[in-house]
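# Architecture and fold: a report
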Amino acid sequence: MNSLKRKMIQQAQKQYRSIWPCNDRNDFSESFTVEDEKVFFWFNTEDESTHVLTADLE
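Residues numbered from 1 in each chain as written. Predicted model: local features only at pLDDT ≥ 70, side-chain atom pairs only at ≥ 80, totals over all residues. Heavy atoms only, no water.

In this structure, Leu4, Met8, Ile9, Ala12, Ile19, Phe28, Phe32, Val39, Phe41, Phe43, Leu53 and Ala55 together form the largest nonpolar core, which totals twelve residues. Elements that contribute at least two residues to this core include exactly helix H1 (3–16), strand S3 (38–45) and strand S4 (50–56). A total of four residues in this core trace back to one element, the largest contributor, which is H1. Aside from chain neighbours lying at most four places away, what touches Val39 is Leu4, Met8, Phe32, Thr33, Val34, Leu53, Thr54, Ala55 and Leu57. (Core = buried A, V, L, I, M, F, W, Y, C linked by side-chain atoms within 4.5 Å. Buried < 20%, exposed > 50% of the residue type's maximum accessible area, 1.4 Å probe, protein only. Helix = DSSP H or I, 4+ residues; strand = E, 2+ residues; numbered from the N terminus. Contact = heavy atoms within 4.5 Å.)

A rise of 1.5 Å per residue sets the reference length of H1, with its 14 residues, at 20 Å; its end C-alpha atoms lie 20 Å apart and thus fit the reference within 8%. Within the span of H1, buried status applies to Leu4, Met8, Ile9 and Ala12. Down the axis of H1, the buried side of the element spans an arc of 140°, and every buried residue falls inside it. Seen from the buried face of H1, the exposed residues on the opposite side, beyond 90 degrees, are Gln10 and Lys14. The N-terminus of H1 is capped by Asn2, whose side-chain oxygen sits 3.1 Å from the backbone nitrogen of Leu4. (Expected span 1.5 Å × (residues − 1). Arc of directions from axis to C-beta. Polar contact = N/O pair within 3.5 Å; in protein donor to acceptor, adjacent residues only side chain to side chain.)

Judged by which residues are buried, S4 turns out to be one-sided: His51, Leu53 and Ala55 face inward and are buried, whereas Thr50, Val52, Thr54 and Asp56, on the alternate face, are not. Inspection of the sheet shows S3 paired to S4 by seven bridges, in the antiparallel sense. If you follow Trp42 over to S4, its bridge partner there is Val52. Where S3 folds back onto S4 in an antiparallel hairpin, the turn is made up of four residues, including Glu48, whose phi is positive at roughly 65°. (Pairing = 2+ DSSP bridges.)

What follows is the structure in C-alpha coordinates.
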(Lines give C-alpha, C1' and ligand atoms only; values in the text may rest on other atoms or scores of the structure.)
Protein backbone atom coordinates (compact mmCIF):
# COMPACT_ATOMS: atom_id res chain seq x y z
CA MET A 1 0.00 0.00 0.00
CA ASN A 2 1.47 3.35 -0.95
CA SER A 3 1.99 6.34 1.32
CA LEU A 4 -1.00 8.31 -0.02
CA LYS A 5 -3.36 5.46 0.86
CA ARG A 6 -1.81 5.11 4.32
CA LYS A 7 -2.25 8.85 4.88
CA MET A 8 -5.90 8.64 3.84
CA ILE A 9 -6.52 5.78 6.28
CA GLN A 10 -4.83 7.74 9.07
CA GLN A 11 -6.89 10.84 8.23
CA ALA A 12 -10.11 8.83 8.42
CA GLN A 13 -9.08 7.26 11.74
CA LYS A 14 -8.23 10.66 13.17
CA GLN A 15 -11.54 12.15 12.03
CA TYR A 16 -13.87 9.21 12.83
CA ARG A 17 -11.81 7.11 15.30
CA SER A 18 -13.23 3.66 14.53
CA ILE A 19 -13.45 2.74 10.85
CA TRP A 20 -14.00 -0.52 8.96
CA PRO A 21 -13.90 -1.62 5.32
CA CYS A 22 -17.24 -1.40 3.53
CA ASN A 23 -19.55 -4.38 3.06
CA ASP A 24 -17.80 -7.40 1.57
CA ARG A 25 -14.28 -5.90 1.69
CA ASN A 26 -11.80 -7.83 3.80
CA ASP A 27 -9.33 -5.03 4.46
CA PHE A 28 -8.58 -1.43 3.60
CA SER A 29 -6.38 -2.34 0.63
CA GLU A 30 -9.65 -3.20 -1.18
CA SER A 31 -11.30 0.08 -0.18
CA PHE A 32 -9.77 2.40 -2.78
CA THR A 33 -10.95 3.52 -6.21
CA VAL A 34 -8.85 5.54 -8.67
CA GLU A 35 -10.59 7.65 -11.29
CA ASP A 36 -9.64 10.80 -13.20
CA GLU A 37 -6.42 11.49 -11.25
CA LYS A 38 -8.27 11.13 -7.93
CA VAL A 39 -8.08 8.47 -5.23
CA PHE A 40 -11.27 7.62 -3.31
CA PHE A 41 -11.15 5.82 0.05
CA TRP A 42 -14.43 4.21 1.09
CA PHE A 43 -15.07 3.08 4.67
CA ASN A 44 -17.77 2.59 7.31
CA THR A 45 -18.01 4.06 10.80
CA GLU A 46 -19.54 2.89 14.09
CA ASP A 47 -22.93 4.36 13.18
CA GLU A 48 -22.94 2.08 10.11
CA SER A 49 -22.61 5.03 7.72
CA THR A 50 -20.43 4.88 4.62
CA HIS A 51 -17.94 7.71 4.08
CA VAL A 52 -15.47 8.60 1.36
CA LEU A 53 -12.29 10.66 1.42
CA THR A 54 -10.73 11.92 -1.81
CA ALA A 55 -7.22 13.00 -2.72
CA ASP A 56 -5.38 13.97 -5.87
CA LEU A 57 -2.95 11.41 -7.21
CA GLU A 58 0.62 12.33 -6.33
